[in-house]
Amino acid sequence: MPDAPIPVRALILFGPPGSGKGTQARLIQQRLEIPHISTGDMLRERMLADDALGLSIKRLVDAGALVSDELANQMVEERIQRPDCAAGFILDGYPRTLGQAGAICRKLTLRGIGWVVVHLKVDYNEIISRLAGRRHCTQCGAVYNLTSSPPKTPDRCDVCGFRLAVRDDDAEMVVRKRLEAYDEQTRPLVEFFSAGGCRLLEMNGAGDSPAVIARRICEIVA
Ligand code: ADP
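The residue count restarts for each chain, going from 1 along the sequence in the order it is written. pLDDT decides what is reported in this predicted model: residues at 70 or higher carry local features, side-chain atom pairs at 80 or more are listed and counted, and totals for whole chains, interfaces and linings draw on all residues regardless. Side-chain measures were taken over the full set of non-hydrogen atoms in the model, leaving aside hydrogen atoms and water.

Draft legend 1. Inspection of the sheet that holds strand β5 (residues 134-137) at higher detail. As summarised here, the arrangement of the 3 strands in space is β6-β5-β7, forming an open sheet in which the pairing is antiparallel. Two strands close off the open sheet at either side, each with one partner strand: β6 (143-145) and β7 (164-165). Two elements, β5 and β6, share 3 bridges in a ladder whose sense is antiparallel. Looking at β6, one finds that H136 is bridged to V143. Strands are treated as partners if at least two bridges between them are detected by DSSP. Labels follow the DSSP assignment, with helices taken as runs of H or I lasting at least four residues and strands as runs of E lasting at least two, numbered in each case from the N terminus.

This is the structure we're talking about:
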């Protein structure tokens, strides 16, 4: 008798900075009711602690560089073991290196968790302009874009009224560094995923509204 197909429980959102992984993850989280795990959010939270690890994370993130595989792997390993991930989860911004990809694929395989990788493709000029207009609420985490999804009141969060801020690593020089890090360390994962026989779906991350793209991804995952 053929083996039963492994159910897909992990959705890996993959793509360059500013390709919309976070926006998509939030929309898909609402539709599928599974947690959104963003290593970027976890690192930003961790760097608020004014200790040696927090400061070393901040230095790397503010320079547009990646933190160590060891730290990223450990954070995700701990997070996906929590009970709320039992029915599935969305990985946003992880894996980002070949070392991370090997580690997570091994773990998921060992635990019998199927996964699908969605690659959001967006032109780098569009990314630079998107990130220049990105604002976020430091209180509730809502994200806006001055061109495509501006807040109703300038500089104020629609949800909680708190003042909006620019992420330090969205400064243009840092964005260029992040794109370089993506090209060197993350883009090779496309080949890794294709060669490993994973389900890798290429998707245009621009052109349609975020809601339309999210619906498409949910249909594929379902
Ligand atoms: P983006 O995808 O737009 O670059 P994120 O919020 O995912 O934004 O990540 C912000 C920063 O956090 C990255 O530039 C990097 O410094 C760090 N980071 C996030 N995820 C990882 C990861 N998996 N491995 C190493 N560093 C990471």
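Draft legend 2. A look at the sheet that holds strand β4 (residues 114-121). The strand order β2-β3-β1-β4-β8 describes an open sheet built from 5 strands, whose pairing is parallel. Each edge of the open sheet carries a strand with a single partner, namely β2 (36-38) and β8 (199-204). Strand-to-strand twist across the sheet, computed as the mean angle between neighbouring axes with direction ignored, equals 20 degrees. Pairing of β4 with β8 involves 6 bridges; the strand directions are parallel. Each bridged residue has a counterpart across the sheet, and for V116 the counterpart in β8 is R199. Only the contacting stretch of a helix is used when fitting its axis, a line to C-alpha atoms as for every element, and angles between N-to-C directions run 0 to 180 degrees.

Draft legend 3. A look at the pairing of β5. Here's how the labels work: a residue is buried when its accessible area is under 20% of the maximum for its type, exposed when over 50%, partly exposed in between, all with a 1.4 Å probe on protein chains only. Of the two faces of β5, the one lined by R134 and H136 and the one lined by R135 and C137 are each fully buried. In the sheet, β5 pairs with β7 via 2 bridges, with the strands oriented antiparallel. Across the sheet, H136 pairs through a bridge with A165, a residue of β7.

Draft legend 4. Inspection of the pattern of salt bridges at higher detail. One speaks of a salt bridge when a side-chain nitrogen belonging to Lys or Arg is within 4 Å of a carboxyl oxygen belonging to Asp or Glu. Scanning the entire structure with this criterion turns up 18 salt bridges. A salt bridge links R46 to D51, with the nearest nitrogen and oxygen atoms 2.8 Å apart. D51 gets classed as partly exposed once you look at its relative accessible area, which sits at 30%. The partner of D169 in a salt bridge is R167, and the shortest N-O contact between them spans 2.9 Å. No difference in accessibility class separates D169 from R167, as the two residues are buried.

Draft legend 5. Local environment of the site of the ligand. In the vicinity of the ligand there are 20 residues, among which K21, T39, A65, R96 and R178 approach most closely. At 2.9 Å, a side-chain N or O of R44 approaches an oxygen atom of the ligand. Note that accessible areas follow from Shrake-Rupley with a 1.4 Å probe, and for residues the cover is restricted to the protein chains shown. For the ligand, whose accessible area on its own is 550 Å², the fraction buried by protein is 96%. By the convention adopted, Pro, Cys, Tyr, Trp, Phe, Met, Ile, Leu, Val and Ala count as nonpolar, Lys, Arg, Asp and Glu as charged, and the other residues, Gly among them, as polar. Broken down by class, the residue content of the shell around the ligand amounts to 8 nonpolar, 5 polar and 7 charged. Residues are classed as near a molecule or strand on a simple rule: at least one heavy atom within 4 Å of it. Contacts described as polar in this section are N or O atom pairs within 3.5 Å, which, within protein, must combine one atom able to donate a hydrogen with one able to accept it, while residues neighboring in sequence count only if both atoms come from side chains.

Draft legend 6. Quick peek at the packing of aromatic side chains. Only centres within 6.5 Å qualify two rings of Phe, Tyr or Trp (six-membered ring in Trp) as a pair; their planes then separate them into stacked at under 30 degrees, edge-to-face at over 60, and tilted for everything else. Considering all chains together, one arrives at 3 aromatic pairs under this definition. For the ring pair F192 and F193, a centre distance of 5.6 Å and an interplane angle of 75 degrees mean the geometry is edge-to-face. Members of the aromatic cluster, each reached through a chain of ring pairs, are F14, Y182, F192 and F193.

Draft legend 7. Fine view of the side chain of R178. Here R178 shows up in helix α7 (residues 172-186). At 2.8 Å, the side chain of R178 and the side chain of D170 are in polar contact. Here, two residues are considered to be in contact whenever any of their heavy atoms come within 4.5 Å of each other. Contact partners of R178, with chain neighbours within four places excluded, come to P17, G64, L131, R134, R167, D169 and D170.

Purely spatial values, then, with no claim about function.
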